[in-house]
Amino acid sequence: MSESWRGLVLRFHFYAGVLVGPFVLVAALTGVLYAATPQLESWLYSDQLRVPESAQSVPLSQQVKAAVDARQGDLPVAVRPAPGPGDTTRVLFAGEGDARPTVFVDPADARVVGTLDTYGTSGVLPLRTTIDTVHRNLMLGEPGRLYSELAASWLWVVALGGVFLWFSRRRAQRLKPTTKRHATLGLWVLLGALFLSATGLTWSTYAGENVSALRAALDWSTPSLGPGDHAGHDMSDPIPPATGEIDSIVETARGVGGVDAALVEVTPPAMAGMPWHVTEIERGWPTQVDAVAVTGGAVVDEVRFDDYPFMAKLARWGIDAHMGVLFGWPNQLLLLALGLGLVALVVLGYRVWWLRRPTRGFGRPVPRGQWRKVPRAQLVAVLVVAALVGWSVPLFGLSLLAFLLVDAVVGTRRGKTAPETEPQSETV
């Protein structure tokens, strides 16, 4: 079977590699930088993040008031109490887009030590946000986001195709050093590449929607707090926290509610009569993302991570591992190694392509007509599977269809089928 499929797999591996190679290279490089940003941000923004440790602290409500005064009366949309000695309290305000202007307050004396934009549940700062934007869409907006989804859609195909080619070529023993290094490195980064492709697609525009729909249909969605949920409300006009109220809210959540993570976010009610939300935002291991709704000194609703459906837990762990926060610095080191491995893999792949070129131009493509070598029943089965995957991952399906159409048109215009010669990359 391997001999009949090798040419066709090699052809797709070649073209898909050319397609996704540039993005994988940029994504891997920015991923390496992103994995190191917690330490970089801790150093770069130390004036906002760290203050002298003190055994004393003023009430949280006083810290919030200081931030509100610094913003000339703006109302906060969330508060993140200092998680430990020497840390600052973050008071977040509504901003443009995903940015939330954040005032950093010394909990010892309610002194404002700085203001920065923060982003997302992780509260990432401007440096990491810039790197993340390049990582996700090359700073090209929606076109870049679609290209990144296209690359993630094909990355797993390239990876699995490379494994197939490795095992099918081992018997031939005709690999030259560059090709052998490319193939061997591909085996080492295989699992990581599949993981990054799968988790990346969960954030994508079209495949991500299908993943969300599937999770909802199978009751795998992440649970949320019931009545009083802030989703869909205008968080730019929250109810201001009454003096002392936020202190009792946090005390109730940590006491009766059992919210014991160091990192929590306190969200004021969006409308009168709705409860406050206190949510754990600790993404490390063990994961702490419990949430409680508090009003009138009582917990009126709660969501516990232990009660998540297994697939919701798996999604949470996958996203956090992708971001390098699940296991702390070992997770970061693993992503650093994987990112550098992908960079080397892409460079070696283009080196192989370059060595295969004729005297002029770029690499010589694998000859057309390789599908004729594949048994008809096997080919039909693979096409059915490809159609199902293409429906689930739309950009993969559309690009695959476009490739087949263009290839057919080119073949028709030439008036003949390219000779079914043995692919040459094994000898490079």
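These numbers come from a predicted model, not from an experiment.

(A) Inspection of the overall build of the chain at higher detail. Counting secondary structure elements, the chain contains 13 helices and eight strands. Looking at the chain as a whole, 46% of its 428 residues qualify as buried. Looking at the chain alone, contacts between residues at least 24 apart form 66% of all its contacts between residues at least 6 apart. As presented, the chain carries roughly 21,800 Å² of accessible surface, and 63% of it is formed by carbon and sulfur atoms.

(B) Structural context of the packing of aromatic side chains. Counting across every chain of the model gives eight aromatic pairs. For the pair Trp 154 and Phe 396, a centre-to-centre distance of 4.8 Å together with 55 degrees between the ring planes defines the contact as tilted. Placement of Trp 154 in helix H5 (residues 142–169) and of Phe 396 in helix H13 (residues 394–414) is noted, with a sequence separation of 242 residues between them. Among the aromatic residues, ring-to-ring pairing joins Trp 285, Phe 305, Tyr 308, Trp 317 and Phe 327 into one connected group.

(C) Representation of the pairing of strand E2 (residues 89–93) in the model. Counting buried positions along E2 yields five of five residues, so the element is predominantly enclosed. A two-sided burial pattern is seen for E2, the buried positions comprising Thr 89, Val 91 and Phe 93 on one face and Arg 90 and Leu 92 on the other. Bridge count between strand E1 (residues 76–80) and E2: four bridges; the pairing is antiparallel. Looking at E2, one finds that Arg 80 is bridged to Arg 90. As defined by bridge partners, E2 adjoins strand E3 (residues 99–106) across four bridges and the pair is classed as antiparallel. Bridge pairing links Thr 89 to Val 105 in E3. Adjacent in sequence and paired antiparallel, E2 and E3 are bridged by five residues, among which Gly 97 carries a positive phi angle near 65 degrees.

(D) Geometry of the nonpolar core. With 32 residues, the main nonpolar core has Val 20, Val 24, Trp 154 and Leu 342 as its most contacted residues. Elements represented by at least two residues in this core include exactly helix H1 (2–44), H5, helix H7 (190–202), helix H11 (329–355) and H13. With near-sequence residues (within four places) excluded, Val 20 lies in contact with Tyr 147, Leu 150, Ala 151, Trp 154 and Val 158. Among the nonpolar cores identified, the runner-up in size contains 23 residues, and Ile 249, Val 250, Val 259 and Val 264 belong to it.

(E) View of unusual backbone geometry. Of the consecutive residues Trp 285 and Pro 286, the connecting peptide bond is found in the cis state with omega at 0 degrees. Tracing the chain through its elements places Pro 286 in the loop between strand E6 (276–280) and strand E7 (291–295). The backbone of Leu 138 shows a phi angle near 60 degrees, a positive value even though the residue is not glycine. Here Leu 138 lies in the loop between helix H4 (126–137) and H5. The class for Leu 138 is partly exposed, based on a relative accessible area of 25%.

(F) Representation of the environment of Val 352. With respect to the helices and strands, Val 352 occurs in helix H11. By relative accessible area, which is 10% here, Val 352 ends up buried. The sequence separation of Val 352 and His 182 amounts to 170 residues, and the corresponding C-alpha distance is 8.1 Å.

(G) Quick peek at the environment of Gly 397. Within the secondary structure, Gly 397 is located in helix H13. The buried category is assigned to Gly 397, whose relative accessible area is 19%. Gly 397 sits 247 residues away from Leu 150 along the chain, and the two C-alpha atoms are 9.8 Å apart.

(H) Fine view of empty space enclosed by the protein. Applying the stated criterion across every chain yields a total of one cavity of 30 Å³ or more. The computed volume of the largest cavity comes to approximately 620 Å³. Around the largest cavity sit 33 residues that line it, and His 13, Gly 17, Val 158, His 182 and Gly 349 are the ones nearest its centre. Among the secondary structure elements, those contributing two or more residues to the lining of the largest cavity are H1, H5, helix H6 (177–188), H7 and H11. Tallied by class, the residues present in the lining of the largest cavity amount to 22 nonpolar, nine polar and two charged.

(I) Fine view of helix H10 (residues 310–323). Compared with an ideal rise of 1.5 Å per residue, which puts 14 residues at 20 Å, H10 spans 20 Å between its outermost C-alpha atoms and is within 8% of the ideal. Residues of H10 that are buried: Ala 312, Lys 313, Arg 316, Gly 318, Ile 319, Asp 320, Ala 321, His 322 and Met 323. Where H10 ends, the next residue or the one after it, Gly 324, has phi of about 85 degrees, a positive value.

(J) How the structure looks around the packing of H6 against H11. In the contact formed by H6 and H11, the axes pass within 9 Å of each other and the chain directions differ by 150 degrees. With respect to H11, the axis of H6 lies roughly antiparallel. Once H6 is placed against H11, the crossing between them reads as left-handed. Seen from H6, the contacting residues are Thr 178, Thr 179, Arg 181, His 182, Leu 185 and Gly 186; seen from H11, they are Gly 341, Ala 344, Leu 345, Leu 348, Gly 349, Arg 351, Val 352 and Leu 355. By residue class, the composition of the contact of H6 with H11 is six nonpolar, six polar and two charged.

(K) Structural detail: the pattern of salt bridges. This model, assessed by the stated rule, comprises twelve salt bridges. Among the salt bridges present, the one from Arg 128 reaches Glu 41, with a minimum N-O distance of 3.2 Å. With Arg 128 in helix H4 and Glu 41 in helix H1, this pair connects stretches of sequence that are 87 residues apart. Exposure class is identical for Arg 128 and Glu 41. Each is buried.

(L) A look at helix H12 (residues 376–392). End to end, H12 covers 25 Å across 17 residues, agreeing with the expected 24 Å (1.5 Å per residue, within 8%). Considered for burial, the residues of H12 that qualify are Leu 379, Ala 386 and Gly 390. All buried residues of H12 fall inside an arc of 35 degrees around its axis, so they share one side. Exposed side chains of H12 directed beyond 90 degrees from the buried face belong to Ala 377, Leu 388 and Trp 391.

So, how was this worked out
Residues numbered from 1 in each chain as written. Predicted model: local features only at pLDDT ≥ 70, side-chain atom pairs only at ≥ 80, totals over all residues. Heavy atoms only, no water. Helix = DSSP H or I, 4+ residues; strand = E, 2+ residues; numbered from the N terminus. Buried < 20%, exposed > 50% of the residue type's maximum accessible area, 1.4 Å probe, protein only. Contact = heavy atoms within 4.5 Å. Areas by Shrake-Rupley, 256 points an atom, 1.4 Å probe, with all protein chains shown as cover. Phe/Tyr/Trp six-rings, centres within 6.5 Å; stacked < 30°, edge-to-face > 60°. Pairing = 2+ DSSP bridges. Core = buried A, V, L, I, M, F, W, Y, C linked by side-chain atoms within 4.5 Å. 1 Å grid on protein atoms, 1.4 Å probe; cavity = no way out; pocket = protein on both sides within 12 Å on 5 of 7 lines; lining within 4 Å. Points joined across faces, edges and corners; volume = space filled by probe spheres on them. Nonpolar A, V, L, I, M, F, W, Y, C, P; charged D, E, K, R; others polar. Expected span 1.5 Å × (residues − 1). Axes fitted to C-alpha atoms, helices over the stretch in contact; angles between N-to-C directions. Parallel < 35°, antiparallel > 145°, perpendicular 65-115°, else oblique. Left-handed = near helix turned anticlockwise from the far one by under 90°. Salt bridge = Lys/Arg side-chain N within 4 Å of Asp/Glu carboxyl O. Arc of directions from axis to C-beta.

Structural measurements only, silent on function.
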